[in-house]
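# Observations on the model geometry
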Amino acid sequence: MPPLLQYVRNSTATLSPGYFSMVMATGILSLAAHLMGLPWLAKALFVLNWGLFATIGGLALLHLYWHPRRVLDDLFNHLNAPGFFTFVAACSILGSQSLLIGGSLHLATLLGGIGLLAWVGFTYTIFTVLTVKQEKPELARGINGGWLLAVVATQSMAVIAALCSQYVDQPLRMEMNFFALSMWLWGGMLYIWMMSLIFYRYTFFAFSPADLSPPYWINMGAMAISTLAGSLLILNTPHAPFLHSMLPFLKGFTVFYWATGTWWIPMLVVLAIWRHGVRRFPFTYDPMYWGAVFPLGMYAVSTLRMMQAMELHFLGMLPQVMFGIGLAAWATLFTGQLRALHRQWVAATP
């Protein structure tokens, strides 16, 4: 086998199923830049994101081909299995970019369709497997914020459907909005189920710095994307009578989701300070940190859309501030990713 191919094969042996979170983070920052009137940045990140999606997708297929047993092990693992849902969210976010920045409804619907098929497959495979497997970890070792990627994936389907519905005619427009509403409601229920377990694990089990992994930021990210989906449904009420009749409910739960996500931000910052400042846990590059960048960008986009949908202009520059923080975190991690790849290449080169 050629050295380069052998290097790729060795590198894919430990490929995380959650690596598509890099696409999620890049895509949401691109959409934030688009909504904030920064077209050059939005387009640059859009082009980059297609490259990331194709590269990670190709590596994932090679991982499946060369290491099928590892893929099955991840699928049967309580901590790793939810990472597969990042592919669903990545399809939705890249589809949203293709629609709003690239101007292609066909690409958006194609990616949305692929994401929906993946959502159905992963949802009923992962939760069935984790239900029927005989050996299961204790709650303290078997659950973390990464489980909420299932919520993010579900809400991402609501987002892409609500967006695409604005570019199609009736009756398909109304049907897509009903689908978006259904997914939005199911995602909210799923969050309540999972967050109850995660919060219970937080407060009634011993917690070490190593336990506070970056996916815990999905606690906030899941609420942010739920806010975005609700805001889009509010904006779509003129196109679907059943949405108009539910408008107070939509507005109430959208603010509920936003307020919950906002509550999580100071809590997560304090826990991060405790982890790295008080307990001196080393801060080194880890691909899982992409799962912490995505919520920052999603909070900016969702707040901006909520302000638009409900005329909450008094929130002022909050979206721009969160976008700036998210962009700085993205740049730091992207630099760390390039350095990590360079170190791996040097170590593998004779």
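One can find the structure itself at the top, above this paragraph.
All values derive from a computational prediction rather than experimental measurement. Residue numbers here run from 1 along each chain, matching the order of that chain's written sequence. Given that the model is predicted, a residue must reach a pLDDT of at least 70 before its local features are reported, and side-chain atom pairs must reach 80 or more before they are shown or counted; all residues, however, enter totals for whole chains, interfaces and linings. Excluding hydrogens and water, the side-chain figures rest on all heavy atoms present in the structure.

## Looking at the overall build of the protein
Put simply, DSSP H or I for four residues or longer makes a helix, DSSP E for two residues or longer makes a strand, and each gets a number counted from the N terminus. Scanning the protein from terminus to terminus reveals 14 helices and zero strands. Written out in order from the N terminus, the α and β elements of the protein read α-α-α-α-α-α-α-α-α-α-α-α-α-α. The globule rule puts the C-alpha radius of gyration for 350 residues at 20 Å, and the 20 Å found for the protein is close to it. Expressed as lengths along the three principal axes of its C-alpha atoms, the size of the protein is roughly 65 × 45 × 45 Å. Going through the 350 residues of the protein one by one, you find that 52% of them count as buried. Any two residues having at least one pair of non-hydrogen atoms within 4.5 Å are treated as being in contact. When contacts within the protein are restricted to residue pairs at least 6 apart in sequence, those whose partners lie at least 24 apart make up 81%. Here the open area of atoms and residues is found with the Shrake-Rupley method and a 1.4 Å probe, where only the protein chains shown may cover a residue. About 16,000 Å² of surface is accessible on the protein, with carbon and sulfur atoms providing 70% of the total. Asp and Glu count as negative and Lys and Arg as positive, but His and the ends of the chain are not part of the count. Working definition for charges: the position is that of NZ of Lys, CZ of Arg, CG of Asp or CD of Glu. Both charge centroids of the protein, one from 16 positive and one from 9 negative side chains, sit 9 Å from each other. To get the radius of gyration, use the C-alpha atoms; to get the globule rule, take the number of residues to the power 0.38 and multiply by 2.2 Å. Note on exposure labels: buried denotes an accessible area under 20% of the residue type's maximum, exposed denotes more than 50%, and partly exposed covers the range between, all computed with a 1.4 Å probe on protein chains only.

## Some thoughts on the pattern of salt bridges
When a carboxyl oxygen of Asp or Glu is within 4 Å of a side-chain nitrogen of Lys or Arg, the pair counts as a salt bridge. Here the structure, examined in full by the defined rule, presents one salt bridge. Residue Arg 69 pairs with Asp 73 through a salt bridge whose shortest N-O separation is 3.4 Å. With Arg 69 and Asp 73 both in helix 4 (residues 68–75) and four residues apart, the pair spans about one turn of that helix.

## A word on the environment of Ala 13
Relative to the elements of secondary structure, Ala 13 occurs in the loop between helix 1 (3–12) and helix 2 (21–35). The spatial distance from the C-alpha of Ala 13 to the C-alpha of Trp 330 is 25 Å, given a sequence separation of 317 residues. Apart from residues lying up to four places away in sequence, Ala 13 is in contact with His 63, His 67 and Arg 70.

## A short note on a nonpolar patch on the surface
Put simply, a patch holds well-exposed residues, over 30% relative accessible area, that have no salt bridge, with like charges counted together within 9 Å and Val, Leu, Ile, Met, Phe, Trp or Tyr side chains within 5 Å. Taken together, Leu 185, Phe 249, Phe 253 and Phe 256 make up a surface patch of nonpolar side chains, about 330 Å² in accessible area. Per-element tally for the nonpolar patch: the top contributor is helix 12 (residues 247–278), with three residues. Following the sequence through the fold, Phe 253 ends up in helix 12. Among the residues examined, Phe 253 registers a relative accessible area of 31% and is labelled partly exposed.

## Topic: the packing of aromatic side chains
Geometry of aromatic contacts follows a simple scheme: Phe, Tyr and Trp rings, the Trp one being its six-membered ring, pair when their centres are within 6.5 Å, and the pair is stacked under 30 degrees between planes, edge-to-face over 60, tilted otherwise. Following the criterion strictly, the structure yields 24 aromatic pairs and no others. Plain terms: the ring middles of Trp 50 and Phe 53 are 6.1 Å apart, the flat faces sit at 85° to each other, and that makes the pair edge-to-face. In this pair, Trp 50 and Phe 53 are both assigned in helix 3 (residues 39–66), three residues apart and thus about one turn of the helix distant. What makes Trp 50 partly exposed here is its relative accessible area of 28%. Pairing Trp 263 with Trp 264 gives two aromatic rings, centres 5.0 Å apart and planes at 80°, and the pair type is edge-to-face. Classification of Trp 264 as buried rests on a relative accessible area of 3%. Taken together, the ring pairs in this structure connect Phe 84, Phe 85, Phe 122, Phe 127 and Trp 147 into an aromatic cluster.

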